[in-house]
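Now for the letters of each chain:
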Amino acid sequence: MLAERLERNRSHTSHAWIARHGLSHLAYQREFIKHTQNGYRLTHVSGYGVGNRAYYAAIWEKRSGPAYIARHGLSSTAYQQEFTKNTQNGYRLTHVSGYGVGNKDYYAAIWEKTGGKPSVARHGMTSKEYQCQFDNYYYQGYRPKLVSGYSRGKSASYAAIWENTSAW
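Residues numbered from 1 in each chain as written. Predicted model: local features only at pLDDT ≥ 70, side-chain atom pairs only at ≥ 80, totals over all residues. Heavy atoms only, no water.

**Q** Any chance you could explain helix α3 (residues 76-88) here in plain terms?
**A** For an α-helix the count is 3.6 residues per turn, leaving residues at separations of three or four pointing the same way. For α3, with 13 residues, the first-to-last C-alpha span of 18 Å sits near the 18 Å given by 1.5 Å per residue. Turning to α3, its buried residues are Tyr79, Glu82, Phe83 and Asn86. The buried residues of α3 occupy one face: seen down the axis, they fall within an arc of 105°. Facing away from the buried side of α3 by over 90 degrees, the exposed positions are Thr77, Gln81 and Gln88. If you follow the buried residues of α3, they end up packed against β4 (68-75), β5 (92-101), β6 (104-112) and β7 (119-125). (Helix = DSSP H or I, 4+ residues; strand = E, 2+ residues; numbered from the N terminus. Expected span 1.5 Å × (residues − 1). Buried < 20%, exposed > 50% of the residue type's maximum accessible area, 1.4 Å probe, protein only. Arc of directions from axis to C-beta. Contact = heavy atoms within 4.5 Å.)

Written out as structure tokens, the structure reads:
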């Protein structure tokens, strides 16, 4: 298997980053544990559906940073609960990936314990809702920091993070 050959080759040198894709839910969790125990931090995760199964692609970087929380396989309700809990505990959303599996939407996200400019996040938006939110935040001095477009069944959906550029 290609991933195994790359892993063997990697053992001879130290890499600044590791990328994996095509990971099932459990394989992704194993990779996450292995790499974080070896001093890497998750910087990007992308969920995607193939048929009725979820898969993940991820990037870990060998670097230090603030405390962070990463979650995947979250339903819309579970994602909102994690968002609320984590932001109340001083974490800010730095990455979100929305993805559809069948007709349901799911989320993978990263929160970091950092300060920064005021930000807002929305998820599960239709194209029209995304445009309305985009326009609304634009006129309040926010710019999109991250947009994740994905399909839920036969419909387009969006998750996004905006950051206030007029603050500070």
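**Q** Could you clarify how one ought to interpret the side chain of arginine 41 in this entry?
**A** Mapped onto the fold, arginine 41 is located in strand β2 (residues 41-50). In this structure the side chain of arginine 41 is engaged in a polar contact, spanning 3.4 Å, whose partner is the side chain of glutamate 112. With near-sequence residues (within four places) excluded, arginine 41 lies in contact with Ile59, Trp60, Glu61, Arg63, Ser64, Gly65, Pro66, Tyr68 and Glu112. (Polar contact = N/O pair within 3.5 Å; in protein donor to acceptor, adjacent residues only side chain to side chain.)

**Q** Explain the sheet that holds strand β9 (residues 155-164) here, please?
**A** Within a sheet, each strand pairs with its neighbour through backbone hydrogen bonds, oriented either parallel or antiparallel. With antiparallel pairing, three strands are arranged side by side in an open sheet as β7-β9-β8. What marks the edges here is a single partner per strand, and that holds for β7 and β8 (142-152). Here the strands of the sheet are splayed against their neighbours by 10° on average, with no regard to which way each runs. Inspection of the sheet shows β7 paired to β9 by five bridges, in the antiparallel sense. In the strand pairing of β9, methionine 125 is matched with tyrosine 158. (Pairing = 2+ DSSP bridges. Axes fitted to C-alpha atoms, helices over the stretch in contact; angles between N-to-C directions.)

**Q** Sorry, what's going on with the sheet that holds β2 here?
**A** Read from one edge to the other, the open sheet built from three strands follows the order β1-β3-β2, with strand pairing classed as antiparallel. Here the strands that pair on one side only, and so sit at the sheet edges, are β1 (17-23) and β2. Between one strand axis and the next, the sheet turns through 10° on average, direction left out of account. Bridge count for β2 against strand β3 (residues 53-61) is nine bridges, and the pairing is antiparallel. Following the sheet pairing, histidine 44 is matched in β3 by isoleucine 59.

**Q** Quick question: what am I supposed to make of the side chain of histidine 123 here?
**A** Topologically, histidine 123 is positioned in strand β7. For histidine 123, a relative accessible area of 17% corresponds to the buried category. Within polar-contact distance, the side chain of histidine 123 engages the side chain of serine 76 at 3.1 Å. Discounting chain neighbours no more than four positions away, the residues touching histidine 123 are Ser76, Tyr79, Gln80, Tyr107, Tyr158 and Ala159.

**Q** Would you explain the environment of asparagine 103 in this entry?
**A** By the secondary structure assignment, asparagine 103 is in the loop between β5 and β6. Every residue in contact with asparagine 103, bar those within four places of it in the chain, is listed here: Arg152 and Gly153.

**Q** Sorry if this is basic, but what is going on with the nonpolar core here?
**A** In summary, soluble globular proteins display a tendency toward joint burial of nonpolar side chains. Counting residues in each nonpolar core, the largest one holds 16 residues, and the members touching the most others are Tyr28, Phe32, Leu42, Val45, Ala58 and Trp60. Contributions of two or more residues to this core are made by β1, α2 (25-37), β2, β3, β5 and β6. For alanine 58, the residues in contact, after removing those within four places along its chain, are Ile18, Ala19, Arg20, Tyr28, Leu42, His44 and Val45. Counting 15 residues, the second largest nonpolar core, distinct from the first, contains Trp111, Leu146, Tyr150 and Ile161. (Core = buried A, V, L, I, M, F, W, Y, C linked by side-chain atoms within 4.5 Å.)

**Q** Looking at this structure, I do not really get the pattern of salt bridges. What am I missing?
**A** As a working rule, side chains carrying opposite charge can pair if their charged atoms are close by. Under the defined criterion, the tally for this structure stands at 10 salt bridges. As a salt-bridge pair, glutamate 31 and lysine 34 come within 3.6 Å of each other at their nearest N and O atoms. On the criterion of helical spacing, the pair formed by glutamate 31 and lysine 34 is a turn pair, its members being three residues apart in helix α2. Exposure remark for glutamate 31: the relative accessible area of 14% places this residue in the buried category. By relative accessible area, lysine 34 is classed as partly exposed at 31%. The residue arginine 152 makes a salt bridge to aspartate 105 at a minimum N-O spacing of 3.3 Å. (Salt bridge = Lys/Arg side-chain N within 4 Å of Asp/Glu carboxyl O.)

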